[in-house]
Structures are given as structure tokens and as C-alpha cells.
Amino acid sequence: MKLLKPLGLLLSLAMAASAPALAQNFPSKPVTLMVPYPAGGLSDLIARKVNVALAAELKQPVIIENLGGAGGAIAAQKVLNAPADGYYLFQGSPNELILAPLAMKAVKHKPDDFRLIQRMAMAPMAIVASKNFPANNPQEMVAEIIKRSKAGKPVNYASVGIGSFYHLLGEEMAKKLGAQMLHVPYKGGGPILQDLLGGQIDLFITPYGAPHVAMAKEGKTKFIGALSPQPQRLIPEVPSVDQAKELKGFHYTIGSGYYVKKGTPEPIVEALHRALTKTMFDADFRNTMTAMGQEVGDALRLDQTDQVYADEVKLYQGIAKSIQLEAQ
């Protein structure tokens, strides 16, 4: 037993001595960027801009892997099943890491299984509708939802999965209106847009970008209301949801963050943080994010990321509790 403490000390010293080598040698092979939704959605578009600039910083290819399903939890679990060595980077949000475990009994991961490295962009949000939906502004939408609820033919709305942020917002909106709405879960934003264009979906509460704006301008879809108190940069003509008194204060944004499996060695975390932070200041990345309607915020220091993530966990768990979300 007396040998255990010296042995443990030697192991600790050996690990500490190898830490600089880990940082110096990382990465020595391609890094995989896991996107928890199918190709074609907003998350995928962001990833396909980040990976170019990030690869230049890391001096290794950054390969995108799209894996949808279970509100992003399938992709999250695949990252957790891989070694904690920094070669699997997860592009995530509160949807997959905080809300999915609250909504689905089959999801076994917890928010603290991941560590936030950097938050790259914040997305404005709006309510998008099928071109055939009879409402054109927040007041008309509220009236239509209430009318169809009373008739037993509820308005439907899409989300990227049960327990996703967009699912919760739909439930919260229905609660505010005292009306029934029908939730239709999908594996990602790309398939939702296809059905929105086809008229199978009435509403989608979602982050949006330039492709969504282009579709609305072409008359293929339409924006009903912005989830902010003021007009938004890409859709200045779209009214705030505050225009409907029942939805006053229904304001939300959501961010795209980059995470690793908890337990990833600190030198590797630091190397990824440096590379991601430099990526945020890449001119092409920033110009593309701006054109897409994303807001590139202030870069977080590594000593800030844990608190930012903890605050998000508290906020989103509070929203889930407010609508009495139960795991299914």
C-alpha cells in the first residue's frame, strides 16, 4: 500500500510532462467536425464555412460528418463513444446537449459530459410559414391558431426533434395562446424546408439565414414574425412578434458552439480554443456569417466558457420546466 502514493505521483508527473508534447503534436491527423443534422440545414451551412478556416489554423483537414436523429442525440453519443482526444469536435447547441436528455428517456448523456470550447455565432430567430398559410403577420397568425384549435384542426409546426428548442418554443407559444398546436418532429432543418415548401408544414420557429430569406423573397415561403423586439437585419420589413399582444416578449436567439468530450486533455483543449478563436476572426468566415444573418459575437476566453455553458444549462432547463416537459 505504501507504494501506491509514490506510484500515483510518478504517473501524475509523467502525464504533466507529456502535456506539452500533446499540444505540440495535436493534431497529427484529420479532425472530424460532427454536425448533428442532415446536410442542407443552417447548422450544416455554418459547419461548411467553419471547417475551411479551422483546417487552415490546425494545418490538418477538418472533415464534416452529418448524423441526424433523436434531436441530435445520436451524433452526440457517437462523439462520447470516441476517445477524449480532441479529434471529434461537436458543433452543438442547447438542443442536443441540454434539452434532448430531458425530452427522451433513451438519451443517456448529460450536459456535463461535454465541454464548451468556443461559441462561434448567435442566430436570430423568426417564425416562417408555408406560402399557403392564411396569416401574414403575428396578429393574423394568433387568430388562425386559435380558430383552428377551437375547430379541432390545430395548426402544425415543425421542429428538429422532440425536446429541441424549437419544439419547446412551439409548446410555449401554444401555452401563451391557450390553444392546441400539432408538433411534427424531423431529423433536421433541410427536410423541414422541403415540407414547408410543399405545404405539409404550417409553421417553423427557427434560426434563419440568407437561404430562408431568398425563398421568402421568391414567394416560396413567408416570414410571419421576428422573435426580437426590433426589426432584424436580414428581414427589416418583418414585424416583431410583439405586434400580437399575446406574444409580447417572446424573444429568443440560439448559438452555435463547439464542444469536446469532457476529459479531453487541457493542452488539446487549449489548442482547439486557439484555433477556433482565430477562425472567428477569419474575414471570409465573418463575411459569410454576416451574409447568412448570423451574428459573430465576442470571442470567449477559455476561462469563461465553463460559466457560459453552465448559465445556458440553467436557462434551458428552466424553459423545459416551465412547459412541464416530460421525457418520452
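Keep in mind that this is a model prediction, so the values were computed, not measured.

1. Description of helix H5 (residues 138-150)
Consideration 1: In this model H5 runs 18 Å from its N-terminal to its C-terminal C-alpha over 13 residues, within 8% of the 18 Å that 1.5 Å per residue would give.
Consideration 2: The opening residue of H5, the one whose side-chain oxygen lies 3.2 Å from the backbone nitrogen of Gln139, is Asn137.
Consideration 3: Once H5 finishes, Gly152 follows within two positions and takes phi at roughly 75 degrees, a positive value.

2. Comments concerning the environment of Pro124
Consideration 1: As for its position among the elements, Pro124 is in strand S4 (residues 114-130).
Consideration 2: A relative accessible area of 13% places Pro124 in the buried class.
Consideration 3: Taking the C-alpha atoms as reference points, Pro124 and Gly161, separated by 37 residues in sequence, lie 20 Å from one another.
Consideration 4: In contact with Pro124, not counting residues within four places along its chain, are Thr206, Pro207, Tyr208, Gln232, Thr253, Gly293 and Gln294.

3. Some points on the side chain of Thr206
Consideration 1: On the secondary structure map, Thr206 appears in strand S7 (residues 203-207).
Consideration 2: The exposure class of Thr206 is buried, given its relative accessible area of 4%.
Consideration 3: When sequence neighbours within four positions are dropped, the list of residues in contact with Thr206 reads Pro124, Met125, Ala126, Val128 and Tyr166.

4. Some words on the environment of Asp202
Consideration 1: With respect to the helices and strands, the residue Asp202 is situated in the loop between helix H7 (189-198) and S7.
Consideration 2: A relative accessible area of 10% means that Asp202 is categorised as buried.
Consideration 3: For the pair Asp202 and Pro124, spaced 78 residues apart in sequence, the C-alpha to C-alpha distance is 20 Å.
Consideration 4: Residues in contact with Asp202, not counting those within four places in the same chain, are Val128, Ala129, Ser130, Phe133, Arg148, Val155, Asn156 and Leu196.
Consideration 5: Within the local environment of Asp202, its side chain forms a polar contact with the side chain of Arg148, the two groups lying 3.0 Å apart.

About the criteria used
Residues numbered from 1 in each chain as written. Predicted model: local features only at pLDDT ≥ 70, side-chain atom pairs only at ≥ 80, totals over all residues. Heavy atoms only, no water. Helix = DSSP H or I, 4+ residues; strand = E, 2+ residues; numbered from the N terminus. Expected span 1.5 Å × (residues − 1). Polar contact = N/O pair within 3.5 Å; in protein donor to acceptor, adjacent residues only side chain to side chain. Buried < 20%, exposed > 50% of the residue type's maximum accessible area, 1.4 Å probe, protein only. Contact = heavy atoms within 4.5 Å.

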